[in-house]
Amino acid sequence: MQTILELQNVVKNYGRTPVLGGVSMEVKEGEIISVLGPSGCGKSTLLRIIAGILPLDQGLVRIRGREVSDKRRTLPPEKRGINMVFQDFALWPHMKVEDNITYGLKVGKVDPAECRKRVEEIAGLLHLDGLMSRYPAELSGGQQQRVAIARALVTKPSILLLDEPLCNLDVQLRIEMRTEMSYLFHKLKTTVFHVTHDPSEAFAMADRIIIMNRGRIDQADKPRTCYLRPGTALVAGLLGAGNRLKRAVLESGTVGDTCCVRIGQDIVEGMYFPGEGRGDLSCQVRFRPEDCRWSSVRGENCFAVTVMMSTFEGGFYRIKTRTMDGDELCFLHSGPIEEQESGYIEVEREKLYVYGSADC
Ligand SMILES: Nc1ncnc2c1ncn2[C@@H]1O[C@H](COP(=O)(O)OP(=O)(O)OP(=O)(O)O)[C@@H](O)[C@H]1O
């Protein structure tokens, strides 16, 4: 598969503040990439550099093998063969849907017959046929979003850049649209670079997820790999492993990709990610509330806790507990559990993530 987008060691500072600390990646033709990361990690900055809206300080960007940005030169967005969908859709309010979609083709001086054919085709794919003579203000949020995507796709860009495209839609519509968009992009074999802070949106749409942390890439993998093997404590936290034990201690003699940790009086086994640990026995243990099992007797791979509180959350109760070391954690259970009750939490070795750095 041909490489469409290539970033080599991209560095960006705002004044003296470093924002991107040397980002490198390749995106193949037809690939859908979702970039995830905490607020302020540099996702939008990266997108704007790829779009040609922002210059970079070091490194280079290539699109279809052509250098479009380096520290001396920034090719403008309209000359990159890209298109972008913004958070607020940015439709022309004074133009009907049809004119909004056709605009880019007219600017590109595409032959009128070809223009008509493409607009009809994309309107059909995005179910806009009956809406072509309306103005944006006469459309729902979801319809406006479809128009924005149609307008971006009709020019057949090398890459479609999406900046949080669903964040202004309500939850139900967001779920529908992300499935619809994923289907459409795969069908059209569109190369997509998509920025979001919503992991489920990234899971639903991406072939590969790139997780950024403070201007660098922490992990770039298939969604399933990121979910099952989160490479850093930040990735684990972002992808649902919200339970964090900071007082657990590594047992010495760790070998390979598993390790033993002491939690209170108990020793449990987990998957080990040494990372940039301090080289001592401090560590951070992470796991998902839904991956724990409660037991009143000691079982496999478990540690002792005391129940603090049970809250009803619809299909289950969330039980808040405290370890013997004083770390607090939650798990999901079918019913409430009495306050102050003591018991054990079991977590399978493959679902207990141990990170060498206790800092994150
Ligand atoms: N024009 C600017 N001048 C100075 N600092 C900026 C500017 N734009 C962004 N920043 C800073 O750069 C960092 C990265 O911003 P960016 O918008 O890329 O983050 P993000 O990951 O997209 O965040 P969010 O998810 O909140 O949109 C932030 O600390 C932000 O405050």
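Residues numbered from 1 in each chain as written. Predicted model: local features only at pLDDT ≥ 70, side-chain atom pairs only at ≥ 80, totals over all residues.

The name that an unreviewed UniProt entry assigns to the protein chain is Putative spermidine/putrescine transport system ATP-binding protein, with the source organism given as Enterocloster lavalensis.

A word on unusual backbone geometry. Positive phi, close to 45°, is recorded for Asn9, a residue that is not glycine. Tracing the backbone shows Asn9 in strand β1 (residues 3–14). Positioned with a positive phi, Gln340 is a non-glycine residue whose angle comes to about 75°. Tracing the backbone shows Gln340 in the loop between β19 (328–333) and β20 (342–347). Looking at Gln340, the number of C-beta atoms within 10 Å reads 8, which means it is exposed. (Helix = DSSP H or I, 4+ residues; strand = E, 2+ residues; numbered from the N terminus. Buried ≥ 20, exposed ≤ 12 C-beta atoms within 10 Å, placed from the backbone.)

Bringing the site of the ligand into the picture now. Taken together, Tyr14, Val19, Gly37, Ser39, Gly40, Cys41, Gly42, Lys43, Ser44, Thr45 and His197 form the complete shell of residues around the ligand. For the shell around the ligand, the element with the most residues is helix α1 (residues 43–51), which contributes three residues. (Near = placed C-beta within 6 Å.)

Residues Ile50, Ala150, Leu161, Phe193, Val261 and Val354 are the most contacted members of the largest nonpolar core, which totals 94 residues. It is helix α4 (residues 141–153) that provides the largest number of residues to this core, a total of six residues. Looking at which domains feed residues into this core, each of domain 1 (3–238) and domain 2 (239–355) supplies at least three. Residues within four places of Ala150 in sequence aside, it is in contact with Ile101, Ile122, Ala123, Leu126 and Leu128. (Core = buried A, V, L, I, M, F, W, Y, C linked by C-beta atoms within 7 Å. Domains from an automatic or database assignment. Contact = placed C-beta atoms within 7 Å.)

Attention shifts here to α1. Extensive coverage of α1 is indicated by the burial of seven of its nine residues. For α1, the complete set of buried residues consists of Lys43, Thr45, Leu46, Leu47, Ile49, Ile50 and Ala51. A positive phi of about 90° marks Gly52, the residue just after α1.

A word on helix α2 (residues 97–107). Along α2, the positions that sit buried rather than exposed are Val97, Asn100, Ile101, Thr102 and Leu105. Positioned one or two residues after α2, Lys109 has a phi angle of 55°, which is positive.

A few words now on the UniProt feature "domain: ABC transporter" (unreviewed entry) in the protein chain. If you check UniProt for "domain: ABC transporter" (unreviewed entry), the listed places come out as residues 5–239 in our numbering. Within residues 5–239, the helical portion is 36% and the strand portion 26%, while the C-alpha atoms at the span's ends are 26 Å from each other. (UniProt positions renumbered as here; feature names shortened; annotations may be inferred.)

This part is about the sheet that holds β20. What the five strands build is an open sheet, ordered β16-β20-β17-β18-β19; its pairing is antiparallel. Edge positions in the sheet fall to β16 (292–295) and β19, since each of these pairs with one other strand and no more. On average, adjacent strands in this sheet sit at an angle of 45° to one another, irrespective of strand direction. Of the pairings in the sheet, the one linking strand β17 (residues 302–312) to strand β18 (residues 317–323) comprises seven bridges and is antiparallel in character. Each bridged residue has a counterpart across the sheet, and for Phe312 the counterpart in β18 is Tyr317. (Pairing = 2+ DSSP bridges. Axes fitted to C-alpha atoms, helices over the stretch in contact; angles between N-to-C directions.)

Considering the arrangement of structural elements, one finds Arg178 in helix α5 (residues 171–188). Residue classification places Arg178 among the buried positions, given that 22 C-beta atoms sit within 10 Å. Each C-alpha atom, one on Arg178 and one on Ala202, is 8.9 Å from the other, the two residues being 24 residues apart in sequence. Among residues more than four places away in sequence, those in contact with Arg178 are Leu166, Glu201, Ala204 and Met205.

Turning our attention to the confidence of the model for the protein chain. Chain-level pLDDT for the protein chain is 91 on average; 97% of the residues reach the 70-or-more range. Taken over the whole predicted complex, pTM reads 0.89, whereas the ipTM for its chain interfaces reads 0.96. (pLDDT = per-residue confidence, 0-100.)

Many structure descriptions define interface size as the accessible area lost when the parts assemble. By the assigned domains, the protein chain splits into domain 1 (3–238) and domain 2 (239–355). On a C-alpha basis, the centroid separation for the pair domain 1 and domain 2 is 38 Å. Taken residue by residue, the interface counts eleven residues in domain 1 and ten residues in domain 2. Those elements that provide at least two residues to the side of domain 1 that touches domain 2 are α7 (223–228) and α8 (233–238). Ranked by residue count, the leading element in the side of domain 1 that touches domain 2 is α8, at five residues. Of the residues belonging to the side of domain 1 that touches domain 2, the class tally is eight nonpolar, three polar and no charged. (Nonpolar A, V, L, I, M, F, W, Y, C, P; charged D, E, K, R; others polar.)

If you walk across this open sheet you meet the four strands as β2-β1-β4-β5, and the pairing is antiparallel. Two strands bound the open sheet, and with one partner strand each, they are β2 (17–28) and β5 (66–69). The average undirected angle you get between the axes of adjacent strands in this sheet is 25°. Pairing analysis gives three bridges linking strand β4 (residues 58–63) to β5, with the strands arranged antiparallel. The residue of β5 that forms the bridge with Ile63 is Arg66.

Taking every second residue as pointing to the same face, both faces of strand β15 (residues 284–287) are buried, with Gln284 and Arg286 on one and Val285 and Phe287 on the other. Bridge analysis of strand β11 (residues 243–245) against β15 gives three bridges, and the strand direction is antiparallel. The partner of Leu245 across the bridge, within β15, is Val285. Pairing analysis gives three bridges linking β15 to strand β21 (residues 353–355), with the strands arranged antiparallel. Looking at β21, one finds that Val285 is bridged to Val354.

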